[in-house]
Amino acid sequence: MSRTGPLPRELSPTWRYALLGGLVSIPFTVVSYWQTGDEMSLSAAFFAALLTGYLAKRRGLESSPVGARTGLVGALPVVLILYDVLAFAAAGLGGPAWFRVVGFLGVVLFGVVFLALGAGISVLAGWAGGRIGGWVAERTGGRRRPSVGS
């Protein structure tokens, strides 16, 4: 399916909630990584998705896509670990030229797999958080009707 015509000028409400929640979670994730130095917790992305899923459901939106996208945006700090790992691995490559080429390709392949896995786990955590947030919104007050013009 191809898109014809100009791109929309505004973000959808789903992306607005997701960007806000995901961007708010990033500093907490980065701080947790800097405190430990070797492990990253994506719990901030989960809790941000929980909150955005709750708020989205209260506005009449589906909470699961909002949560998944919040998790995707919240996965950006995974690049910090990827950078550390790739820098360490690249510094250790030595030997004949063929060995360095194969090692470099292995490091790049590992980086792609690591990034996809980290983003996938964050999206899954965000989806779960959004789903739970939507469930809580349904149990505690139902939906609000979307306001006209938003």
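Look up a bit, the structure's there.
Okay, so let's go over this structure. Since the structure is predicted, the reported quantities are computational estimates derived from the model, not experimental observations.

**Considerations on the nonpolar core**
Burial of nonpolar side chains together is a common tendency in soluble globular proteins.
Moving on, step 1. Tyr33, Met40, Leu42, Ala75, Val78 and Ile81 together form the largest nonpolar core, which totals 6 residues.
Moving on, step 2. Apart from residues no more than four positions distant in its own chain, Ala75 is found in contact with Ala119 and Ser122.

**Overview of the packing of helix 1 (residues 13–36) against helix 2 (residues 43–58)**
Moving on, step 1. Following both chains from N to C, one finds helix 1 and helix 2 inclined at 155°, their axes separated by 8 Å at the closest point. Of the possible angle classes, the one that applies to helix 1 and helix 2 is roughly antiparallel. Between helix 1 and helix 2 the crossing geometry is right-handed. Contact residues: Tyr17, Gly21, Ser25, Phe28 and Thr29 in helix 1; Ala44, Ala45, Ala48, Thr52, Leu55 and Ala56 in helix 2.

**Remarks on helix 1**
Moving on, step 1. Between its first and last C-alpha, helix 1 extends 35 Å over 24 residues, near the 34 Å set by a 1.5 Å rise per residue.
Moving on, step 2. If you look at helix 1, its biggest bend is around 25°, right at Ile26, and the proline Pro27 turns up within four residues after that.
Moving on, step 3. Of all the residues in helix 1, the buried ones are Thr14, Tyr17, Ala18, Gly21, Gly22, Ser25, Ile26, Thr29, Val30, Ser32 and Tyr33.
Moving on, step 4. The inward-facing, buried residues of helix 1 contact helix 2, helix 3 (63–74) and helix 4 (78–91).
Moving on, step 5. Positive phi shows up at Gly37, right after helix 1, with a value of about 85°.

Here is what the cut-offs are and how they apply
- Sequence order as written defines the numbering, with residues in each chain counted from 1.
- The predicted nature of this model means local features are confined to residues of pLDDT at least 70 and side-chain atom pairs, given and counted, to a pLDDT of 80 or more, with totals for whole chains, interfaces and linings taken over all residues.
- To obtain the side-chain values, all non-hydrogen atoms of the structure were included, while hydrogens and water were left out.
- To qualify as a nonpolar core, a set must consist of buried Ala, Val, Leu, Ile, Met, Phe, Trp, Tyr and Cys residues joined through side-chain atoms within 4.5 Å.
- Each residue is placed in one exposure class: buried if its accessible area under a 1.4 Å probe, protein chains only, is under 20% of its type's maximum, exposed if it is over 50%, and partly exposed if it falls in between.
- Should any heavy atoms of two residues lie within 4.5 Å, those residues are counted as being in contact.
- Helix axes are fitted to C-alpha atoms over the stretch in contact, other axes to C-alpha atoms as well, and angles between N-to-C directions run from 0 to 180 degrees.
- In this text, helices come from DSSP runs of H or I with a minimum length of four residues, and strands from runs of E with a minimum of two, each type numbered from the N-terminal end.
- To sort the angles, those under 35 degrees are grouped as roughly parallel, those over 145 as roughly antiparallel, those from 65 to 115 as roughly perpendicular, and the leftovers as oblique.
- Crossings are classed by handedness, with left-handed meaning an anticlockwise turn of the near helix from the far one by less than a right angle and right-handed meaning a clockwise turn.
- Expected helix span is given by 1.5 Å per residue-to-residue step, counting one fewer step than there are residues.
- Bending is quantified residue by residue as the angle between axes fitted to the seven-residue window ending at that residue and the seven-residue window starting at it.

In short, shape yes, function no, at least from these values alone.
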